[in-house]
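The residues making up each chain are set out below.
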Amino acid sequence: MKLDRLLFGDNQFFGVNHMSEERARQSAMRFQDTGAIIEVIDSAYAAGVRSFMCTTHERIAEVAEHVRAHPDRYDGFTFLPCMPYAHKYANAVTEHGMLGALRHFLPDEGYLNAAMRGGRAFAGKDVEGLVTLLVDSEMKMFRGLSTPVVFLQNVVVDLLLGLRFDAAFSIFADHVRSRYGAEPGFITMNLPLALETLERAGIENPIVCSNMNKLSFRVSGGTAAYDEVLATRRFRPIAMSVFASGAIPAREALEWVHARPQIESIVFGASSRQHIEATVDIVEELWGETVAR
Amino acid sequence: MVRIGVVGAGKMGLSHLSILGAHPSVEVAGVCDSMGYLLDVLEKYTGVAKYTDAQRMLDTADLDGVLIATPSASHVDLVGAALDRGIHVFCEKPLSLSAADSMRLAERAAELGLVSQVGYHNRFVGTFGEVKRLLDAGAIGQVSHALAEAYGPVVLRPKGETWRSRRSAGGGALYDYAAHPLDLLGWYLGEPDSVTGAVLGRVFSAETDDEIYGTLGYASGASAQLSVNWSDESYRKMTTRVTLWGDHGKILADRQEIQVFLRDTASVPDGYRRGWTVANTTALTPPVGFYLRGEEYSAELDHFVRSVERAKRGETWDPVNDFTSAAVTDVVIERFLHPDDASAKVVEPQAHGWRAARAARRSERHA
């Protein structure tokens, strides 16, 4: 499948701002009500955006429910889930310990096969069963919706990269493809290492989302290393943190991305109709095509 | 290559293990944890050598360095065992639950010429480093007061199941959360002369503290106030913040942003102006080779690895967060348990009993 040029992100809805905690708090206040989130998504939709790259936060479950309930308003709209929402797991590990956290999130009841899979996976120390169960648990909220790509979040991807836990990537990729008919995507702050690892894990031409911006903000190994893999590796790059949380003016930031034609898509977050429309306009002008393909 | 073993595969241990695994100069020579399940998974899927006995790993894995990320009550014995074997040590914070133990470990590491480092990662955060640089440059003049804060959503219900919910095991907001702002205060203002007005409050926990407040006094005449709460759900994740007031200005910093107000009387450093200047983490944080959770975690481990490399070559290294520095923080932590204005009749017998019992146990062990 072909990725849209512009993907709408969700950091702005959950108080994430790398520049200022005060702005993060203001954003969190504004979006405490799911209706406010839906309003912004509607603005993005009206501006021509059709892909929502989102976490599996409980509030996104409410957004998904809203879209499911009004299919006529969201023709062609797709969700690109990014799992897991790290903070709920991190907090659970702090409170319950490692195994306690796993028990906390694995379903206690439900389908017999799920219970059997979980029980056997635990006893056999087989992570395949655990990974697939956790993915299924996270994907429940998107039931009945279009999810052409399913992403593994950077906190997990990067943890696994350092641990050299290659098998987890192929387990995730195989499961997403076979069970959801979707492409696996990987978010990482460490692009060169991630590409090396995904290739070793047998995942060809992977969809990989990473920080790519003019400032080299959180670009591990530096822009030269990223430009080298863009030039030499076979993968489908998505640029994130393109504006570096507002540190780079929009046109300048997007021109920098446009100068790197291998970059297939950009994920951006914005809180207002004006910012969304301005971003869409610049992208359509620079690339000479609509943001949804 | 630097051969490093990791003791403790909990949340911090796994994170450190990953960062070390991605480090070009490190070979992860072993992982030790009491939870066999997790070790089996790691061994099965990543090939790392597993140990359930730390002493055995220290003895047989041919380590240059060890990273200790275990419950805090076990730090003294593990660090001591590593030092006895001539192994460089990175230990998660706090170094120990006893200031005296921390000072002994610091002396021992120095005597042996070993690299020692404690995981006070905020000293590797760009904004907090910038505060230090401005203070050293005298940008805001003589500091009169500081406020050091840490808040986060850790304990939000009456029940907990890990060592973090028991103070005796090193759990609680004092050891886990307050240690960070106290370490920053130590870095900025030095060792306090007094600790008064200490509150170790409970919001949800039964056996440990959820809130820490208090006042620190310094030889310079400056004061500082500590405000810590790990039962604060208004924060999405842990937030540490420092505010400092001086006769020529004011500094406010968290891990994202530093805000500086300079009066007309200030001598203005490059990049700043009179009135407000704001700088953020994007400008202040140098990139790291591998990013996981935050540059500061990668930077602190990289610093340890490079220090060990220099030590192996017989060169000197730049100590950051060494045991001597961490011991100062542990002294202050202990003073919150025994503040200067506490009633001696309430505290003294318990403290004496605790110290005597501990001393007796240590004597028995060494006999």
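Residues numbered from 1 in each chain as written. Chains lettered and ligands numbered in written order. Predicted model: local features only at pLDDT ≥ 70, side-chain atom pairs only at ≥ 80, totals over all residues. Heavy atoms only, no water.

A. View of the overall build of chain A. What chain A contains, in helices and strands, is 12 helices and 8 strands. For chain A, with 293 residues in total, the buried portion stands at 58%. Within chain A, contacts between residues separated by at least 24 positions form 75% of all contacts whose residues are at least 6 apart in sequence. If you sum the accessible surface of chain A, you get close to 12100 Å²; carbon and sulfur atoms cover 52% of it. (Helix = DSSP H or I, 4+ residues; strand = E, 2+ residues; numbered from the N terminus. Buried < 20%, exposed > 50% of the residue type's maximum accessible area, 1.4 Å probe, protein only. Contact = heavy atoms within 4.5 Å. Areas by Shrake-Rupley, 256 points an atom, 1.4 Å probe, with all protein chains shown as cover.)

B. Quick peek at the confidence of the model for chain A. Looking at chain A, pLDDT values average 88 and 86% of them are 70 or higher. A low-confidence stretch, residues 108-113 of chain A (pLDDT under 50), is modelled with 1 contact involving residues beyond four sequence positions or located in other chains. (pLDDT = per-residue confidence, 0-100.)

C. Geometry of the environment of Gly141 of chain B. Residues and elements named next belong to chain B. One can find Gly141 in the loop between α6 (126-136) and β7 (143-151). Sequence-wise, Gly141 and Leu262 are 121 residues apart; in three dimensions their C-alpha atoms are separated by 9.8 Å. Not counting chain neighbours up to four residues away, the residues in contact with Gly141 comprise Asp247 and His248.

D. Quick peek at the environment of Phe142 of chain A. Mapped onto the secondary structure, Phe142 of chain A falls in the loop between α6 (127-139) and β4 (149-152). With near-sequence residues (within four places) excluded, Phe142 of chain A lies in contact with Cys54, Thr55, Thr56, Ile60, Ala64, Arg68, Phe79, Pro81 and Thr147 of chain A.

E. Summary view of the interface of chain B and chain A. Listed by partner, the interface residues are 43 residues for chain B and 47 residues for chain A. Counting the surface lost from both chain B and chain A, the interface buries some 3900 Å², and carbon and sulfur atoms represent 57% of this. The largest share of the area that chain B buries against chain A comes from Tyr37, Tyr45 and Arg236 of chain B, three residues that together contribute 19% of it. We note a salt bridge from Arg218 of chain A to Glu295 of chain B, for which the minimum N-O separation is 2.9 Å. Taken together, chain B and chain A are joined by 8 residue pairs in polar contact (both at pLDDT 80 or more). Those elements giving two or more residues to the side of chain B that touches chain A turn out to be α1 (11-21), α2 (36-46) and α8 (281-284) of chain B. Per-element accounting of the side of chain B that touches chain A gives the leading share, 8 residues, to α2 of chain B. Tallied by class, the residues present in the side of chain B that touches chain A amount to 17 nonpolar, 13 polar and 13 charged. (Buried area = accessible area lost by both parts, 1.4 Å probe. Salt bridge = Lys/Arg side-chain N within 4 Å of Asp/Glu carboxyl O. Polar contact = N/O pair within 3.5 Å; in protein donor to acceptor, adjacent residues only side chain to side chain. Nonpolar A, V, L, I, M, F, W, Y, C, P; charged D, E, K, R; others polar.)

F. Spatial organisation of the confidence of the model for chain B. Within chain B, residue pLDDT values average 90, and 92% of them lie at 70 or more. Here residues 344-367 of chain B is modelled with pLDDT under 50, and outside its nearest four sequence neighbours on either side it reaches 15 contacts, counting other chains as well.

G. Region of the structure containing the pattern of salt bridges. Under the counting rule described, the total for this entry stands at 35 salt bridges over all chains. The partner of Asp166 of chain A in a salt bridge is Arg200 of chain A, and the shortest N-O contact between them spans 2.6 Å. Within this pair, whereas Asp166 of chain A is found in helix α8 (residues 166-180), its partner Arg200 of chain A is found in helix α9 (residues 191-200), the two being separated by 34 residues in sequence. On the basis of relative accessibility, which here comes to 14%, the residue Asp166 of chain A falls in the buried class. With a shortest N-O distance of 3.6 Å, Glu43 of chain B and Lys50 of chain B are connected by a salt bridge. Bridged by salt links that share partners, the residues Arg5, Glu289 and Arg293 of chain A form one connected network.

H. The sheet that holds strand β2 (residues 26-32) of chain B, seen in detail. Residue and element names in this part refer to chain B. A sheet is described by the order of its strands in space; here 6 strands give the open sequence β3-β2-β1-β4-β5-β6, paired in parallel fashion. Two strands in the sheet have a free side with no partner beyond their single neighbour: β3 (50-51) and β6 (116-118). Contacts from helix α9 (residues 295-312) reach β1 (2-7), β2, β4 (65-68), β5 (88-91) and β6 within the one sheet, and its direction differs from that of β5 by about 170 degrees. (Pairing = 2+ DSSP bridges. Axes fitted to C-alpha atoms, helices over the stretch in contact; angles between N-to-C directions.)

I. Quick peek at α9 of chain A. Residue and element names in this part refer to chain A. For α9, every residue scored as buried is listed here: Leu191, Ala194, Leu195, Thr197 and Leu198. Looking down the long axis of α9, one finds its buried residues gathered within 170 degrees of arc, a one-sided arrangement. Residues of α9 that are buried make contact with α7 (154-163), α8, β5 (183-188), β6 (207-211) and α10 (223-232). The positive-phi residue at the C-terminal boundary of α9 is Gly202, with phi of around 85 degrees. (Arc of directions from axis to C-beta.)

J. Main features of the packing of aromatic side chains. Residues and elements named next belong to chain A. As enumerated under the stated definition, the model contains 20 aromatic pairs over all chains in all. Between Phe79 and Phe142, the aromatic rings sit 5.6 Å apart at their centres with planes inclined by 50 degrees, giving tilted as the arrangement. Taken together, the residues span a long stretch of sequence, with Phe79 in strand β3 (residues 78-83) and Phe142 in the loop between α6 and β4 at a distance of 63 residues. Phe142 matches Phe79 in its accessibility class, with the two residues each being buried. Cation over ring: Arg50 sits above Tyr45, and NZ or CZ is 3.7 Å from the ring centre. (Phe/Tyr/Trp six-rings, centres within 6.5 Å; stacked < 30°, edge-to-face > 60°. Lys NZ or Arg CZ within 6 Å of the ring centre and 35° of its normal.)

K. Quick look at a negative patch on the surface. Residues and elements named next belong to chain A. Together, Asp33, Glu39, Glu58 and Glu62 line one region of the surface with negative charge. With respect to the secondary-structure elements, Glu39 resides in helix α2 (residues 34-46). You can call Glu39 exposed: its relative accessible area is 58%. (Patch = residues over 30% accessible without salt bridge, like charges linked within 9 Å, V, L, I, M, F, W, Y side chains within 5 Å. Lys, Arg positive; Asp, Glu negative; His and termini not counted. Charge placed at Lys NZ, Arg CZ, Asp CG, Glu CD.)

L. Summary view of the sheet that holds strand β12 (residues 249-254) of chain B. Residue and element names in this part refer to chain B. Strands sit in the order β8-β9-β10-β7-β11-β12-β13-β14 across an open sheet of 8 strands; the sheet is mixed. Only two strands of the sheet have a single neighbouring strand rather than two, namely β8 (194-201) and β14 (275-280). Neighbour-to-neighbour, the strand axes of the sheet open up by a mean angle of 10 degrees, direction not taken into account. In this sheet, strand β10 (residues 223-229) lies alongside strand β9 (residues 211-217) in antiparallel orientation, the contact comprising 7 bridges.

M. Quick peek at the nonpolar core. If you look at the biggest cluster of nonpolar residues, it comprises 112 residues, and the most contacted ones within it are Phe8, Phe13, Phe52, Phe79, Phe169, Phe186 and Ile276 of chain A. Top element by residues in this core is α2 of chain A. It accounts for 7 residues. (Core = buried A, V, L, I, M, F, W, Y, C linked by side-chain atoms within 4.5 Å.)

N. Summary view of the pairing of β2 of chain B. Residue and element names in this part refer to chain B. β2 sits mainly inside the fold: 5 of its 7 residues count as buried. As judged from the 6 bridges shared by β1 and β2, these two strands associate in the parallel manner. By the bridge assignment, Ile4 is partnered in β2 with Val28. Following the chain from β1 across α1 to the adjacent parallel β2, one finds a crossover that is right-handed. Of the pairings in the sheet, the one linking β2 to β3 comprises 2 bridges and is parallel in character. Across the sheet, Val31 pairs through a bridge with Lys50, a residue of β3. (Right-handed = clockwise from strand over helix to strand, strands pointing away.)

O. Looking closely at the side chain of Thr239 of chain B. In this structure, Thr239 of chain B sits in strand β11 (residues 239-246). Looking at Thr239 of chain B, the relative accessible area reads 5%, which means it is buried. Once residues lying within four places of it in the same chain are set aside, the contact partners of Thr239 of chain B are Glu21 of chain A together with Glu149, Ala150 and Tyr151 of chain B.

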